[in-house]
Amino acid sequence: MAEIVMECKNLWKTYGKIIAVKDVSFQIREGEIKLVFGPSGSGKSTFLRCLAMLTIPDKGDVYLRDQCLTKPSVDLNKARAKIGFVFQHIWLFRHLTALGNVELSLRRVLKMPKDEAREKAMEALRLVKMEDWAKHYPAQMSGGQQQRVGIARALARNPNIILLDEPTSALDPELTGEVIDTLRDLARMGTTMLIVSHEMPFAREVADEMIFYDEGAIVETGPPELFFTNPESERAKKFMARLIKKTKRE
Amino acid sequence: MSFLAENLPLIVDGFILTIEVTLFGIFAGLGLGTILAIGDIYGGKIVSTFIRFYVEFFRGSPIIVQLFISVYVIPAMFQTLIDPIIAGFLVFALNSAAYQKGYIKGAMQAVFEDQMQAGLSVGMSKPQTIVYVILPQALRIVIPAWSNEFCSLTKSTAALSILGIRDLTSAFQSIAIRSFRVLEAWIMCAILYLIWITIMTKIFDIVYEKKKIPGIEISV
């Protein structure tokens, strides 16, 4: 079995009375693609952000390979450099071109020389088919193009894993396709990914495992087929029924 | 206009001093104002309380009172002498920093949270994100406000004349008294201020346009 890339044990995160992450344990192995789905407001984003240590969990441990990220002595910046994160609302650096967005961390975090960083950044942009837009600023691109640059930015450092928080849900429906295509390419390359998404056809195609997340906890996990045919839990059953109905309507 | 030619050295010296003090004030104020803005946002309660007192003092009292305090009160308290010119330079820098802190803080908060998250997500530290992501955007947004600050700073430097410092206003004051050409002297003085302010605001406009990036603009 492939090596475990990321793992969390008994993770908790609360905001006042709202429990976003309730005693969640999870692991993902090299090359796996796992997809988290569930009702909005159930804490999926918080869970993902805790794994990336962009939100510090209240309790529990997060591991990136052998390194425990929740130990106080850990250099979180260094750790985050090994994790790619793609945001729902994209959040490109607005003052930098596509190339500048991808290049910045290569230069400032990995301390690559200028030429090498440029080459590496262009490579990442080619991968998401945005090399012709290298010199454009975020405001000059469509949402889908921006998100592809967002993916290139996460990818360029050769991270151990890429976490994607609803990468298509802020986009116009006609623009989701190009981002999904990019994710498909990454899947083919064997990229380890944890994706929060409700793109069910895509999930069925690439996910090794689907995770139904509700009220701050993992309710049910299994291969996509399980969820499409006969999920065990009542909640997952209901949610899938709604989702499939909605997809058909579209 | 021969009285102007006769007094040319006086005018030139005064003009140069006014230019120096305004440029020093605006740039030192920018540097200090940026530090204060960062301190206010990230420094925690104690630092930001201290900064608030600082800002309120410099915004809440006339600049001429601040000048008197720096030239008469503080030296008396510490039994020393302060060169009024140095005191003048410092007061204008400190005063401008108090105003600029407000503009810069506002601009930083306007670009702030999502860009900080994005910066951290690629492995940059908070200070790195401030330097490479937040400030380049905030300083672009702040240029128009900065231009206004320069205008009012320049005009308030006329208060230096009361301390006996030879700035532009003080030069024309003595010219008006000595030559009895009150009308011409003061009109000339006003024109020179106008020229200096116009040149500099034009430069700020050009810098703003040149540094402008699609998506990071504000409507003034």
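Bear in mind the structure is a predicted one, so any value in this text is a computation, not a measurement.

Next up on the list: the interface of chain B and chain A. Where interface size is given, it is often the accessible area lost as the parts come together that is meant. Listed by partner, the interface residues are 23 residues for chain B and 23 residues for chain A. Of the roughly 2,000 Å² buried between chain B and chain A, counting both surfaces, carbon and sulfur atoms make up 61%. Applying the counting criterion to the chain B and chain A interface returns one salt bridge. We note a salt bridge from aspartate 114 of chain B to arginine 94 of chain A, for which the minimum N-O separation is 3.2 Å. Where chain B meets chain A, there are nine residue pairs in polar contact (both at pLDDT 80 or more). Secondary structure elements with two or more residues in the side of chain B that touches chain A: α5 (84-121) and α6 (126-156) of chain B. Considering each element in turn, the side of chain B that touches chain A owes the most residues, nine residues, to α5 of chain B.

The strands that make up a sheet pair up through hydrogen bonds in the backbone, lying either parallel or antiparallel. All names here are of chain A. In spatial order, the strands read β2-β1-β4-β5; together these four strands make up an open sheet with antiparallel pairing. Looking along the sheet, the strands with just one partner apiece sit at the ends: β2 (18-29) and β5 (67-68). Examined bridge by bridge, strand β1 (residues 4-15) and β2 share eight bridges and lie antiparallel to one another. Bridge pairing in β2 places cysteine 8 opposite phenylalanine 26. The sheet contacts of helix α1 (residues 44-51) involve β1, β2 and β4 (59-64), and relative to β1 the element is tilted by about 125°.

Turning next to the domain arrangement of chain A. All names here are of chain A. Under the domain assignment used here, chain A contains domain 1 (1-75 + 161-170 + 187-250) and domain 2 (83-158). On a C-alpha basis, the centroid separation for the pair domain 1 and domain 2 is 25 Å. Domain 1 puts 18 residues into the contact, and the matching count from domain 2 is 12 residues. When the two sides are added together, the surface that domain 1 and domain 2 hide from each other amounts to roughly 1,200 Å², 70% of it contributed by carbon and sulfur. Per-residue buried area on domain 1 facing domain 2 is highest for Ile162, Asp165 and Pro167; these three make up 31% of the total on that side. Where domain 1 touches domain 2, the interface holds zero salt bridges. Our enumeration of links across domain 1 and domain 2 arrives at seven residue pairs in polar contact (both at pLDDT 80 or more). Only α1 and β7 (161-165) provide two or more residues apiece to the side of domain 1 that touches domain 2.

Next up on the list: the pairing of β1 of chain A. Residues and elements named next belong to chain A. Turn length for the β1-β2 hairpin, with the two strands adjacent in sequence and antiparallel, is two residues, and the turn residue glycine 16 shows positive phi of about 60°. Here β1 pairs with β4 via five bridges, running antiparallel. Its bridge partner lying in β4, cysteine 8 is registered against valine 62.

Phe47, Leu51, Leu163 and Leu194 of chain A together with Phe172 of chain B are the most contacted members of the largest nonpolar core, which totals 92 residues. For this core, the element with the highest residue contribution is α5 of chain B, accounting for 12 residues. For this core, the two domains that each supply at least three residues are domain 1 (1-75 + 161-170 + 187-250) and domain 2 (83-158) of chain A. In this view, leucine 163 of chain A contacts Met6, Leu48, Leu51, Ala52, Ile83, Gly84, Phe85, Val86 and Leu194 of chain A; residues no more than four positions away in its chain are not counted. One finds Leu155, Leu164, Leu175 and Leu186 of chain A within the second-largest nonpolar core, a separate group that totals 49 residues.

This part is about α6 of chain B. With 31 residues, α6 of chain B should cover 45 Å at 1.5 Å per step; its first-to-last C-alpha distance of 37 Å lies more than 12% under that length. Along α6 of chain B, the largest kink reaches about 50° and is centred on isoleucine 143 of chain B; proline proline 144 of chain B follows within four residues of it.

Here we take up the packing of aromatic side chains. Tallied over the full model, the rule gives 16 aromatic pairs over all chains. Relative to phenylalanine 58 of chain B, the ring of tyrosine 54 of chain B lies with its centre 5.0 Å away and its plane at 50°, an arrangement referred to as tilted. Residue tyrosine 54 of chain B and its partner phenylalanine 58 of chain B are located together in helix α3 (residues 44-60), separated by four residues, close to a single helical turn. Classification of phenylalanine 58 of chain B by relative accessible area gives buried; the value is 9%. Measuring from ring centre to ring centre gives 5.0 Å for phenylalanine 57 of chain B and phenylalanine 58 of chain B, while their planes differ by 85°; the resulting arrangement is edge-to-face. Taking relative accessible area as the criterion, phenylalanine 57 of chain B reaches 38% and is therefore assigned partly exposed. Taken together, the aromatic side chains of Phe27, Trp146, Phe150, Trp196 and Phe204 of chain B make up a single cluster linked through ring pairs. The ring of tryptophan 12 of chain A has lysine 59 of chain A sitting right over it, with the charged end atom 5.1 Å from the ring centre. The side chain of arginine 153 of chain A reaches across the aromatic face of phenylalanine 93 of chain A, ending 4.6 Å from its centre.

This next bit is on the side chain of serine 121 of chain B. Of note, serine 121 of chain B is situated in helix α5. If we ignore the near neighbours within four places in the chain, the residues touching serine 121 of chain B are Leu54, Arg80, Ile83, Phe85, Phe87 and Arg157 of chain A.

A word on the sheet that holds strand β8 (residues 193-196) of chain A. All names here are of chain A. In space, the six strands of this open sheet follow the order β6-β7-β8-β3-β9-β10, with mixed pairing throughout. Since the sheet does not close on itself, it has two edges, and those belong to β6 (83-86) and β10 (217-222), each with one partner. The mean inter-strand angle of the sheet, taken between neighbouring strand axes irrespective of direction, is 20°. Judged from the four bridges that link them, strand β3 (residues 33-37) and strand β9 (residues 209-214) form a sheet pairing that is parallel. Residue pairing across strands places leucine 35 opposite methionine 210, the latter belonging to β9. On the sheet, helix α6 (residues 173-188) packs against β3, β7 and β8 and is oriented at approximately 155° with respect to β8.

All names here are of chain B. Summarising the element assignment, aspartate 167 is placed in the loop between α6 and α7 (168-179). Buried charged residue aspartate 167 carries no salt bridge. Nearest counter-charge: arginine 166, at 7.6 Å. Within the structure, the side chain of aspartate 167 is placed 2.9 Å from the backbone nitrogen of serine 170, a separation counted as a polar contact. Setting aside chain neighbours within four positions, we find aspartate 167 in contact with Gly14, Leu17, Thr18, Thr157, Ala158, Leu160, Ser161 and Tyr193.

The rules we used
Starting afresh in each chain, residues are numbered from 1 along the sequence in its written order. Both sets of labels track the order of writing: A upward for chains, 1 upward for ligands. Reporting in this predicted model follows two pLDDT cut-offs: at least 70 for local features of residues, and 80 or more for side-chain atom pairs to be given and counted; totals over whole chains, interfaces and linings ignore these cut-offs and use all residues. Side-chain metrics in this entry use all non-hydrogen atoms of the structure; hydrogen atoms and water are not considered. Contact criterion: two residues are considered in contact whenever any of their non-hydrogen atoms come within 4.5 Å of each other. Summed over both partners, the accessible surface that disappears when two parts come together, traced with a 1.4 Å probe, is what is meant by buried area. The term salt bridge refers to a pairing of a side-chain nitrogen on Lys or Arg with a carboxyl oxygen on Asp or Glu at a separation within 4 Å. Under the rule applied, a polar contact is a pair of N or O atoms within 3.5 Å (in protein, one hydrogen donor and one hydrogen acceptor; residues adjacent in sequence only if both atoms are side-chain atoms). The numbering of helices and of strands both runs from the N terminus, where a helix is a DSSP run of H or I of at least 4 residues and a strand a run of E of at least 2. Think of it this way: DSSP has to see at least two bridges between two strands before they count as a pair. Only the contacting stretch of a helix is used when fitting its axis, a line to C-alpha atoms as for every element, and angles between N-to-C directions run 0 to 180 degrees. Here the bounds of each domain stem from an automatic or database domain assignment. The set of buried Ala, Val, Leu, Ile, Met, Phe, Trp, Tyr and Cys residues whose side-chain atoms join them within 4.5 Å is what this entry labels a nonpolar core. For the exposure calls, accessible area comes from a 1.4 Å probe over protein chains only, and a residue counts as buried if that area is under 20% of its type's maximum, exposed if over 50%, partly exposed in between. Take the residue count of a helix, subtract one, and multiply by 1.5 Å to get its expected span. Bend is the name given here to the angle between axes fitted to two runs of seven residues, the run ending at a residue and the run starting at it. Under the pairing criterion, centres of Phe, Tyr and Trp rings, with the six-membered ring standing for Trp, must be within 6.5 Å; the plane angle then separates stacked pairs below 30 degrees from edge-to-face pairs above 60, leaving the rest tilted. Here, a charge over a ring is recorded when the distance from Lys NZ or Arg CZ to the ring centre is within 6 Å and its angle to the ring normal is within 35 degrees. Neither His nor the chain termini are counted; the positive set is Lys and Arg, and the negative set is Asp and Glu.

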